[in-house]
Amino acid sequence: MNSEATMAFIRQNADADVRQLALRGTKDPEVDLPFALDQIAGRQTARHKLPSWAAIDGIVYPPHLSMEQCSSEQTARYKASLIGSGGTMVDLTGGFGVDFSFLARGFQRAVYVECQEQLCAIARENFRLLGLSQAEVVCGDSTDYLQAMSPVDVIYADPARRDNHGARTYGISDCTPDVLALRDLLLSKARQVLLKLSPMLDWRKAVSDLGEQYVHEVHIVSVGNECKELLLLLGSGSGQRLLCVNDDQVFEPTAQIAQAPQTAHSPHYLYEPNASIMKAGCFTELSQLYGVVPIAHDSHLFVSADHVSGFPGRSFQIDAVTTMNKRDLKETLQGLTQANITVRNFPLSVAELRRRLKLSEGGSTYIFATTLATGDRRLFVCHKVV
């Protein structure tokens, strides 16, 4: 696809600083510098985000922004685990093809649909290098293809979240394709439909908009405690599952065994739920299932007298609890110069509180600033339970 000079330049500068390369440029007129810079930066990102792709020479990467926005290998593998294997699957929103490359592995036939010819050309080359001999690349409109296609086992769609002017959109019907308007057609064409939606969406409203009778699984997926994806699995079946996923932690509210509730009179441990649970908002279930006590309704922090292992989030041992009174603060924080600060249901921002406490960032001390059910402000000074 490119000159040997360009490919040699990419290989020679695989570990170089891309910004410095861009400034320095090249005297070789045979080198396509913009393309080369995209490939060098893309592969450097892929080493962390898509390690199995980075291990293959010749994979073509998109410009930086697309590379940052594409799925990680971790989330792509998770999606593949949801749909299993079968005869035929169709990805209506092919894009860079990361999700497709992992979803396709379990199927005898896999169809990638994308309207941009440049992306289709890249996909053909990459799928060949990835060994996806069952992959078919279709360059065309996804809705037209959906209307004409024969029924398949699985349809996957990740609707574009930008309008014609490049502005961000979040509502289901504002994305392209409009899977809300296409719901009945999608369900008539596939046994299962997997939708990847913006993590900014309210999952309850998304389920309501698409129809509770059609949505059978909701997956809120976080990586490194950062919410990345909202996945909805539609199809035939009964009941509905909600799963909150953060790396290797999976919390399913309706599939846990409740523990005896603890008292919060003498709390020694504090818990902060992971990002997926924060997004799901299933705090009552969390409290009941792990026997931990909420500090207050809107604080989204929990405490217990005894340590609760396996809590889906971060666990801390409480070293001290203080008011915002100057004398109490001075006594409790004496000798402390740095701390990691979190605010939950508290009138000051992290930056404002940090200035007030005169603490730099970092260290092994964690301070949680929050409001109790009584309305009193408190700082919980803790260290992490390993």
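What this report covers is the structure whose coordinates are included nearby. Note that the structure is predicted; figures quoted are calculated from it, not measured.

### Quick word on the nonpolar core
And step 1. Trp53 and Phe96 are the most contacted members of the largest nonpolar core, which has 49 residues in total.
And step 2. Tallying contributions element by element places helix α3 (residues 33-49) first for this core, with six residues.
And step 3. Excluding residues that lie within four positions of it along the chain, Trp53 makes contacts with Ile59, Tyr61, Glu73, Phe96, Gly97, Val98, Ser101, Phe102, Asn126 and Leu130.
And step 4. In terms of nonpolar packing, the next biggest core, distinct from the first, is built from 45 residues, Ile172, Val193, Leu195 and Phe283 among them.

### Examining unusual backbone geometry
And step 1. For the bond running from Thr176 to Pro177, omega is 0°, close enough to zero to count as cis.
And step 2. Mapped onto the secondary structure, Pro177 falls in the loop between β4 (152-157) and α10 (183-189).
And step 3. Located in the positive-phi region is Asp247, a residue other than glycine, with phi close to 55°.
And step 4. For Asp247, the location among the structural elements is in the loop between β8 (241-246) and β9 (249-251).

### Details of the packing of aromatic side chains
And step 1. Summed over the entire model, instances satisfying the criterion amount to 12 aromatic pairs.
And step 2. Arranged with centres 5.0 Å apart and planes meeting at 40°, the rings of Tyr271 and Phe311 form a pair that is tilted. Of this pair, Tyr271 sits in strand β10 (residues 269-273) while Phe311 sits in the loop between β12 (302-304) and β13 (313-322), placing them 40 residues apart in sequence. In this structure, Tyr271 and Phe311 share a single accessibility class: buried.
And step 3. Ring geometry for Tyr290 against Phe311: centres 5.8 Å apart, planes inclined by 65°, an arrangement best described as edge-to-face. Of the two residues, Tyr290 is situated in helix α13 (residues 283-290) and Phe311 in the loop between β12 and β13; the sequence distance between them amounts to 21 residues. Like Tyr290, the residue Phe311 is buried in the burial classification.
And step 4. Of the aromatic side chains, those joined through ring pairs into one cluster are Phe251, Tyr271, Phe283, Tyr290, Phe302 and Phe311.

What counts and what doesn't
Starting from 1, residues in each chain are numbered consecutively following that chain's sequence as written. In keeping with the predicted nature of the model, local features appear solely for residues at pLDDT of at least 70, side-chain atom pairs appear and are counted solely at 80 or more, and the whole-chain, interface and lining totals rest on all residues. Heavy atoms from the whole structure form the basis of all side-chain values; hydrogens and water molecules are not counted. Residues belong to a common nonpolar core when they are buried Ala, Val, Leu, Ile, Met, Phe, Trp, Tyr or Cys residues joined through side-chain atoms within 4.5 Å. Residue exposure (1.4 Å probe, protein chains only): buried if accessible area is under 20% of the type maximum, exposed if over 50%, otherwise partly exposed. Helix and strand definitions follow DSSP, with helices as H or I runs of at least four residues and strands as E runs of at least two, each counted in order from the N terminus. In what follows, a contact means two residues having at least one pair of non-hydrogen atoms within 4.5 Å. Centres within 6.5 Å are what make two rings of Phe, Tyr or Trp a pair, Trp counting through its six-membered ring; a difference in plane orientation under 30 degrees is then read as stacked, over 60 as edge-to-face, and the rest as tilted.

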